Amino acid sequence: MRSHWSNRWAFIMATAGSAVGLGNIWKFPYMAGTSGGSAFVLVYLLCVALIGLPLMMTEVMLGRRAQKNPVDGMAHLAAEAGATQVWKGIGYLGIAAGILILSFYSVVAGWVLAYGMRAAAGGFAGMAADQAQQQFAAFLGNPVELLLWHSVFMFLTMAVVARGVTSGLERANRIMMPGLMIILLILLGYSLAVGDIRRSLEFMFRPDFSSITPAAVLSAMGHSFFTLSLGMGAVMVYGSYLQRHVSIARASFYIVLTDTAIALVAGVTIFAIVFANGMEPAAGPGLIFQTLPIAFGQMPAGTLFATLFFVLVAFAAWTSSISLVEPAVSWLVENTRFRRRQAALLVGGTIWLLGLAVLLSFNVWSEIKLFGLTIFEQLDKLTTNVMLPLGGLLMALFAVWVMRAAHAQEELALNDRHYRRWLFVTRYVAPAAIVLVFLNLAGWLPFV
Ligand code: PHE
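Residues numbered from 1 in each chain as written. Predicted model: local features only at pLDDT ≥ 70, side-chain atom pairs only at ≥ 80, totals over all residues. Heavy atoms only, no water.

Undergrad: Is there a simple way to explain the overall build of the protein chain in this structure?
TA: The helix and strand inventory of the protein chain stands at 18 helices and zero strands. A compact globule built from 448 residues would reach a C-alpha radius of gyration of about 22 Å, and the protein chain, at 21 Å, matches this within 12%. With respect to the principal axes defined by its C-alpha atoms, the protein chain has extents near 65 × 50 × 45 Å. For the protein chain, the residues scored as buried account for 59% of the 448 residues in total. For the protein chain, restricting intrachain contacts to residue pairs at least 6 apart in sequence, the fraction spanning at least 24 positions comes to 83%. Surface exposure of the protein chain reaches about 17100 Å², of which carbon and sulfur atoms provide 66%. The average position of the 27 basic charges and that of the 19 acidic charges among the side chains of the protein chain differ by 9 Å. (Helix = DSSP H or I, 4+ residues; strand = E, 2+ residues; numbered from the N terminus. Rg over C-alpha atoms; globule rule 2.2 N^0.38 Å. Buried < 20%, exposed > 50% of the residue type's maximum accessible area, 1.4 Å probe, protein only. Contact = heavy atoms within 4.5 Å. Areas by Shrake-Rupley, 256 points an atom, 1.4 Å probe, with all protein chains shown as cover. Lys, Arg positive; Asp, Glu negative; His and termini not counted. Charge placed at Lys NZ, Arg CZ, Asp CG, Glu CD.)

Undergrad: Please clarify how the pattern of salt bridges should be interpreted in this entry.
TA: Once the charged atoms of two side chains with opposite charge are near each other, the side chains can pair. Under the definition given, this model contains ten salt bridges. The partner of Glu-202 in a salt bridge is Arg-198, and the shortest N-O contact between them spans 3.8 Å. You can see Glu-202 and its partner Arg-198 sitting in helix H9 (residues 197–205), four residues apart, about one turn around the helix. Owing to a relative accessible area of 59%, Arg-198 belongs among the exposed residues under this scheme. (Salt bridge = Lys/Arg side-chain N within 4 Å of Asp/Glu carboxyl O.)

Undergrad: Where do I start with unusual backbone geometry in this structure?
TA: Peptide bonds are, in most cases, trans, and in most cases residues other than glycine have a negative phi. Phi at Phe-371 is positive, roughly 50 degrees, even though this residue is not glycine. At Ala-413, a residue that is not glycine, the phi angle is positive and equals roughly 50 degrees. Here Ala-413 lies in the loop between helix H17 (405–412) and helix H18 (416–438).

Undergrad: Can you walk me through the site of the ligand in this structure?
TA: Ala-19, Gly-23, Tyr-105, Phe-226 and Ser-229 are the nearest of the 14 residues found near the ligand. A distance of 2.8 Å is found between an oxygen atom of the ligand and a backbone nitrogen or oxygen belonging to Gly-23. Contact between the ligand and Thr-227: a nitrogen atom at 3.2 Å from a main-chain N or O atom of the residue. The fraction of the free accessible surface of the ligand (320 Å²) that becomes covered by protein chains is 100%. The pocket occupied by the ligand, as judged from atoms lying within 2 Å of grid points, is the largest cavity. Elements that contribute at least two residues to the shell around the ligand include exactly helix H1 (8–19), helix H2 (22–34), helix H10 (214–227) and helix H14 (302–335). (Near = heavy atom within 4 Å. Polar contact = N/O pair within 3.5 Å; in protein donor to acceptor, adjacent residues only side chain to side chain. 1 Å grid on protein atoms, 1.4 Å probe; cavity = no way out; pocket = protein on both sides within 12 Å on 5 of 7 lines; lining within 4 Å. Sits in = over half its atoms within 2 Å of the grid points.)

Undergrad: Sorry if this is basic, but what is going on with empty space enclosed by the protein here?
TA: If a probe the size of a water molecule is rolled over the atoms, the empty space left behind becomes visible. The full count for this structure, using the stated rule, is three cavities of 30 Å³ or more. Ser-18, Tyr-105, Phe-226, Ser-229 and Leu-324 are, among the 18 residues lining the largest cavity, the residues nearest its centre. When contributions to the lining of the largest cavity are tallied by element, the ones reaching two or more residues are H1, H2, helix H5 (89–120), H10 and H14. Split into classes, the residues belonging to the lining of the largest cavity amount to eleven nonpolar, seven polar and no charged. When its volume is computed, the second largest cavity comes out at roughly 40 Å³. As for the second largest cavity, its lining consists of Gly-17, Val-20, Asn-173, Met-176, Met-177, Leu-180, Leu-312, Phe-315, Ala-316 and Thr-319. Secondary structure elements with two or more residues in the lining of the second largest cavity: helix H8 (168–194) and H14. Considering only residue class, the lining of the second largest cavity consists of seven nonpolar, three polar and no charged. (Points joined across faces, edges and corners; volume = space filled by probe spheres on them. Nonpolar A, V, L, I, M, F, W, Y, C, P; charged D, E, K, R; others polar.)

Undergrad: What should I look at first to understand the nonpolar core in this one?
TA: One broad trend across soluble globular proteins is that nonpolar side chains are buried collectively. Trp-111, Phe-309 and Trp-422 are the most contacted members of the largest nonpolar core, which has 161 residues in total. It is H5 that contributes the most residues to this core, 18 residues altogether. (Core = buried A, V, L, I, M, F, W, Y, C linked by side-chain atoms within 4.5 Å.)

Undergrad: Looking at this structure, how should I read a nonpolar patch on the surface?
TA: Nonpolar side chains collect at one region of the surface, where Leu-42, Leu-46, Leu-50 and Phe-209 lie side by side and expose about 390 Å² of accessible area between them. Residue position: Leu-50 is located in helix H3 (residues 38–66). (Patch = residues over 30% accessible without salt bridge, like charges linked within 9 Å, V, L, I, M, F, W, Y side chains within 5 Å.)

Undergrad: Would you mind showing me how to read the environment of Leu-287 here?
TA: By the element assignment, Leu-287 lies in helix H13 (residues 287–298). For Leu-287, the contacting residues outside a window of four places in its chain are Pro-29, Tyr-30, Ile-270, Phe-271, Val-274, Glu-280 and Pro-281.

Undergrad: Sorry, what's going on with the packing of aromatic side chains here?
TA: Each aromatic ring pair is summarised here by two numbers: the centre-to-centre distance and the angle between the ring planes. Counted by the stated rule, this structure contains 32 aromatic pairs. Centroid distance Phe-315 to Trp-318: 5.5 Å. Interplanar angle 80 degrees. Geometry classified as edge-to-face. With Phe-315 and Trp-318 both in helix H14, this residue pair falls three residues apart, about one helical turn. Here Phe-315 falls in the buried class, since its relative accessible area comes to 7%. On the basis of relative accessible area, Trp-318 is assigned to the partly exposed category, the value being 23%. Stacked on the ring of Phe-226, the Lys or Arg Lys-27 has its end atom at 4.1 Å from the ring centre. Sitting over the face of the ring of Tyr-115, Arg-118 holds its NZ or CZ atom 5.5 Å from the ring centroid. (Phe/Tyr/Trp six-rings, centres within 6.5 Å; stacked < 30°, edge-to-face > 60°. Lys NZ or Arg CZ within 6 Å of the ring centre and 35° of its normal.)

Undergrad: Would you explain the packing of H3 against H17 in this entry?
TA: Any two packed helices are characterised by how steeply their axes cross, that is the angle between the axes, and by the distance between the axes. Close contact between H3 and H17 brings their axes to 10 Å; oriented N to C, the two are set at 100 degrees. Here H3 is positioned roughly perpendicular relative to H17, judged by the angle of their axes. For the pair H3 and H17, contact is made by Met-57, Met-61, Arg-64 and Arg-65 and by His-407, Ala-408, Glu-410, Glu-411 and Leu-412, respectively. A per-class count over the contact of H3 with H17 returns four nonpolar, one polar and four charged. (Axes fitted to C-alpha atoms, helices over the stretch in contact; angles between N-to-C directions. Parallel < 35°, antiparallel > 145°, perpendicular 65-115°, else oblique.)

Undergrad: Hey, could you run me through helix H6 (residues 129–140) in this one?
TA: Along an α-helix, residues three or four positions apart point the same way, because every turn accommodates 3.6 residues. Taking 1.5 Å as the rise per residue, H6 with twelve residues should run 16 Å; its terminal C-alpha atoms sit 17 Å apart, in good agreement. Within H6, the full set of buried residues consists of Ala-129, Ala-132, Gln-135, Phe-136, Phe-139 and Leu-140. Projected onto a plane normal to the axis of H6, the buried residues spread over an arc of 130 degrees and lie on a single side. The exposed residues of H6 that point more than 90 degrees off its buried face are Gln-134 and Ala-138. Where the residues of H6 are buried, they touch H5, helix H7 (143–163) and H13. (Expected span 1.5 Å × (residues − 1). Arc of directions from axis to C-beta.)

Structure (structure tokens):
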């Protein structure tokens, strides 16, 4: 028998744990900063509501119905619907996406660990904006340090995965997630007091349609998948551990709401610090590492809060990264003679190696570019803007065109009105939106 979450709450916490991570705290602010602020935020929010929520329900539903890893799960569902086994491809695509994402995710999680150590050593006290920038640049320029922390983070991730997901994670999640929210609110309070909150809110929410470019729309849509962990089977695997009687719609709603709220709070806080210190919103992937040390360096008990903050963010990244490799590992365990430990070692080792290329692309290999993008940027774009939306599109199409309606309805257990809404959005709105945005790929492929 497969193990299951002990209750509905555990599923929500675990899936929210997968969703809430670097995507909310590191990626969302820097993407908003480089892609035109409010334009990006607006499209992102639209995508979350129109594509993200229904797709979250769809992916959980597929997982719970299949009761298997994404590859065999799709094979099983396809057989049940009398359709071709080609649908298994969704599972393989997801496994590949998870491995590629973790190769850069782990490197950045390593930055968080390193900053946690600096924070604990009191390194941010009285720090000014230019110092914070110099410190981050020097940090990025040191591959040995990046390698050390990337390795530590991969080790932590694989250690949990090797033991199986549902055990220790549940308990830890229950303390750390609320902890992260509390510390974010403390930071927000600080920003309200001394940051430039007005400009931050304007930057994030005052509609400015001039900066809605095709590239920004694509990144905002891609990010809505990334931040909700959608389109690669992570949610499907977690759904497969969900007991039968739990309401998928309600659980999905809470997860999406939590994830979005955390991203918005992080964004508002960070931009308030950016503007108060005359910094550049478009600083890129280093944004939080260049801004937050200034805030922590000035606030009372800053060393304590800074340390707690980075530890909790590292924890959030940890719970996300576990879900990134779970499809690959559960597939290996259920299909080969590998035991969980061996599968974890193999998958973890591969990702660790890929991560080396990523971390070098921030320094020694920063000049190696493909179509003008570094290795890190290519991997990020390929997964976030292409693989995840494509996976999500295929899942949606499968759920409404291939799967028997009675099965979907039974699994979702919605009343008629809500079911018809879900059907309409999943059948037309979400696929059309994804395809339309894809047609705009020109923003990423300069030769189109
Ligand atoms: N959602 C996670 C985050 O925002 C990243 C992630 C993407 C996790 C895809 C699993 C699958 O940090």
